[in-house]
Amino acid sequence: MMPRMTLLLLLTIAVGSGGCTPTGGSSSGTKDPIGAFSDDVDPALAGRPFVENELLVQAYPGAAREKLDTLYADQGMSVIASAPEIDLEVLLLSDGDPETRAEALIDSGLIENVQKNHIFEVTEVPNDPFFATQSYLERIGAQSAWDTVTGSENVLIAVLDTGIESEHPDLKSKIASGVNIWDDNSDLSDVIGHGTSVAGVAAAITDNRTGVAGISWQSELLVVKVSAEDGSSTARHIAAGILWAVSNGAKVINVSFAPLQSSSIVQSAAEFAYHRGSLVVISSGNSGELYDALGYEEAIFVGALGTSDRIASFSDRGPYVDLVAPGSGIRSTGVDAGYRLASGTSFSAPIVSGVAALVWSVNPEFRPTTIRETLEQTAKDLGARGYDETYGYGMVDAATAVAVALEVINELDETPPTASIESPEDGASQSRRFRVNVDASDDDVVADVILSIDGLVYATDSRSPYSFTVDPDEFAEGEHEVTATAIDVSGNVSDFAVVILNFGVEGGGGNLSGITFESPLAGSRVSGDVSIRTRVEDEDGLVSVEWFVDGVSQVVDVVSGN
């Protein structure tokens, strides 16, 4: 005979309107992913290999450290690396199915995002041995741009790649510093030559009677080795490389790996960079496919053109592509102090990175938003009129971009952002863990949203949409003032958004009208995985749901709205 299980549903009601139909599973909220691994919604990522015993986890701002440690230990996981700038922790699984573990983490209500540590490759295709010049420089108007500006030592370009041949005659005097993220040491050597070629496209020594010309002559290079010797990297290594580049002064960060358009972990790092004055440029990929992914506005995704102004057959396309640049038969620096022809979106991306550095050299005080808009608005329109999913805004145009940048007036931003607390409502009662959702906006970019409780900073969220988790049991029972403020990238601070909440108090003045178990029906015999569905009817709003099995709490669902 199967053991009998008794389920008790404990509800906390806050003053609100309407009813709610909760279902068992993950905690609700504005940033909850779809399924255990939201990145895998994109087919480009769903079939990719990943590190099978690792999970990439981002907790909600405000999640208590001791509760996270307990959660990880209960799931047989341990933290092996972290990037606190983006609330990222890398968990090592001792055993068990990654998806089951991921679901358990999401169900806790403490975790905002769990992803596989996907493996990515550099985006290169076979060389074209018949294309022997740098004619792409003329196609993008580089020579005309150089009449005005050839770059600046103050505009550093970070190359996240396979390393670099640091003694190459066309590169050795351009390396400002570097790091090996993959091996956690200072070895920058490049076995396969990919990173050496990417670096040469962006910023090889130019006008020196040697080798090839880089786009941004004066820019120095930060070399960030993020790959194994075979050229493969992972989401967490690429994200860590972006964060290192930002902390070491990079303005432009080139990432010639794909497909990254749906990687939420890399997106978090790109957002961090964007908010702190850096711009990430990423290759679109070389599978020749059309993907539906939207990408993210804090990075520029670059597709490749063939030897004419038509999309290369290998270039990936989709609504995430922002710009295109030549990507076939690109002559650049190679290993053994040599030069080579290379093709792929890997080499389209550093063309755009080099042009971005030229534009930034006109005025180092430009924000990343200005650089991005200038490149997009001055691109040579190709394909269908206006933006399209094959060419984006068009082919990058160095000459026009630099000319327009000279006319841009960099006005001081003195307008503060706005912030409001969307939920919970003022006067609500909270007896169990709940979510505070904040809406923040700015004419430029919101850098941080800060949540304070009773005048003391509780947590900071740098990733939109802005959500915090709060445990009332960390505070005395009674009324507490919860405030939110937003800070933009210029340092302007919003007015305070304030709500008064009652912690540790059941109910909010409403009376629960009824709970109905819709499935499974009372008395049913079940086995295996079972979905439990209930309906709640009440004049007030549903705040949280706690599920008990045989008197033991299993899941707390926090409801952010009605």
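Everything numeric here is computed off the predicted structure, so don't read it as measured data. (Residues numbered from 1 in each chain as written. Predicted model: local features only at pLDDT ≥ 70, side-chain atom pairs only at ≥ 80, totals over all residues. Heavy atoms only, no water.)

Another aspect to go through is the overall build of the protein chain. Of regular secondary structure, the protein chain possesses 11 helices and 28 strands. Scored against the burial criterion, the 562 residues of the protein chain give a buried share of 58%. When contacts within the protein chain are restricted to residue pairs at least 6 apart in sequence, long-range pairs at least 24 apart make up 75% of them. (Helix = DSSP H or I, 4+ residues; strand = E, 2+ residues; numbered from the N terminus. Buried < 20%, exposed > 50% of the residue type's maximum accessible area, 1.4 Å probe, protein only. Contact = heavy atoms within 4.5 Å.)

Among the secondary structure elements, Asp190 is positioned in the loop between strand E7 (175-180) and helix H6 (194-203). Here Asp190 sits buried without a salt bridge, and the closest side chain of opposite charge, Lys225, lies 6.6 Å off (N-O distance). In terms of polar contacts, Asp190 uses its side chain to reach the side chain of Thr196, at 2.8 Å. (Lys, Arg positive; Asp, Glu negative; His and termini not counted. Salt bridge = Lys/Arg side-chain N within 4 Å of Asp/Glu carboxyl O. Polar contact = N/O pair within 3.5 Å; in protein donor to acceptor, adjacent residues only side chain to side chain.)

Attention now moves to the pairing of strand E3 (residues 77-83). Successive side chains on a regular strand alternate, one facing one side of the sheet and the next facing the other. Across 6 bridges, the pairing between E3 and strand E4 (residues 88-93) is antiparallel. Residue pairing in the sheet places Ala83 in a bridge with Leu88 of E4. Hairpin connection from E3 to E4: 4 residues lie between these consecutive antiparallel strands, with Asp87 at a positive phi of about 55 degrees. (Pairing = 2+ DSSP bridges.)

The next thing to look at is the sheet that holds strand E12 (residues 279-283). Sheet architecture is open: 7 strands sit in the order E7-E8-E6-E10-E12-E13-E14, paired in parallel fashion. Every other strand in the sheet has two partners, leaving E7 and strand E14 (323-326) as the edge strands with one partner each. Strand-to-strand twist across the sheet, computed as the mean angle between neighbouring axes with direction ignored, equals 25 degrees. Where E12 lies against strand E13 (residues 299-305), 4 bridges are found, and the strand directions are parallel. Bridge assignment links Ser283 to a residue of E13, and that residue is Val302. Seen against the sheet, H6 touches strand E6 (156-161), strand E8 (221-225) and strand E10 (250-255) and runs at an angle of roughly 155 degrees to E6. (Axes fitted to C-alpha atoms, helices over the stretch in contact; angles between N-to-C directions.)

Membership of the largest hydrophobic core comes to 60 residues, with the highest contact counts inside it found for Val352 and Leu375. Element by element, the count of residues in this core is highest for helix H9 (residues 345-362), at 10 residues. Contact partners of Val352, with chain neighbours within four places excluded, come to Val281, Ile300, Val302, Leu323, Ala325, Leu375 and Val396. (Core = buried A, V, L, I, M, F, W, Y, C linked by side-chain atoms within 4.5 Å.)

Within strand E5 (residues 111-122), 11 of the 12 residues are buried, which leaves the element mostly enclosed by the surrounding structure. Pairing of strand E2 (residues 50-59) with E5, which is carried by 7 bridges, proceeds in the antiparallel orientation. Directly across from Leu55, in E5, lies its bridge partner Lys116. Here 3 bridges tie E5 to strand E9 (residues 232-234), and the two strands are oriented antiparallel to one another.

What follows concerns the sheet that holds strand E18 (residues 429-430). With mixed pairing, 5 strands are arranged side by side in an open sheet as E18-E24-E23-E20-E21. Each edge of the open sheet is held by one strand with a lone partner, namely E18 and strand E21 (456-461).

All told, the structure shown has 17 salt bridges when counted by the stated rule. The partner of Lys225 in a salt bridge is Glu229, with the nearest N and O atoms 3.2 Å apart. Since its relative accessible area comes to 40%, Glu229 is described here as partly exposed. Residues Asp309 and Lys380 are paired through a salt bridge, measuring 3.0 Å at the closest nitrogen-oxygen approach. Placement of the pair is Asp309 in the loop between E13 and E14 and Lys380 in the loop between helix H10 (368-378) and helix H11 (398-407), with a sequence separation of 71 residues. Of the residues examined, Lys380 reaches a relative accessible area of 39% and is grouped as partly exposed. Three or more residues joined by partner-sharing salt bridges are found here, namely Lys67, Arg433, Asp471 and Asp473.

Enumeration according to the criterion identifies 7 aromatic pairs in this entry. By way of ring pairs, the aromatic residues Phe434, Tyr458, Phe475 and Phe503 are connected into one cluster. We note Arg435 situated over the ring of Tyr60; from NZ or CZ to the ring centre the distance is 4.0 Å. (Phe/Tyr/Trp six-rings, centres within 6.5 Å; stacked < 30°, edge-to-face > 60°. Lys NZ or Arg CZ within 6 Å of the ring centre and 35° of its normal.)

A separate point is the confidence of the model for the protein chain. The predicted coordinates ought not to be read in detail in places where the model reports low pLDDT. Averaged over all residues, the pLDDT of the protein chain equals 85, while 83% of them reach at least 70. pLDDT under 50 marks residues 1-34. Its contacts with residues more than four places away, or in other chains, come to 128 contacts. Here residues 126-132 is modelled with pLDDT under 50, and outside its nearest four sequence neighbours on either side it reaches 15 contacts, counting other chains as well. (pLDDT = per-residue confidence, 0-100.)

To continue, consider the environment of Thr369. Topologically, Thr369 is positioned in helix H10. On the basis of relative accessibility, which here comes to 17%, the residue Thr369 falls in the buried class. The sequence separation of Thr369 and His275 amounts to 94 residues, and the corresponding C-alpha distance is 9.7 Å. The residues contacting Thr369, other than those within four sequence positions of it, are Tyr274, Asp444 and Val445. Only 2.9 Å separates the side chain of Thr369 from the side chain of Asp444, close enough to count as a polar contact.

Next up on the list: helix H2 (residues 65-74). Among all positions of H2, only Leu68, Leu71 and Tyr72 are buried. End-on, the buried residues of H2 take up no more than an arc of 95 degrees, which puts them together on one face. In H2, those exposed residues whose orientation departs by more than 90 degrees from the buried face are Ala73 and Asp74. On its buried face, H2 is in contact with E2, E3, E4, helix H3 (98-107) and E5. At the C-terminal side of H2, Gly76 shows a positive phi close to 70 degrees. (Arc of directions from axis to C-beta.)

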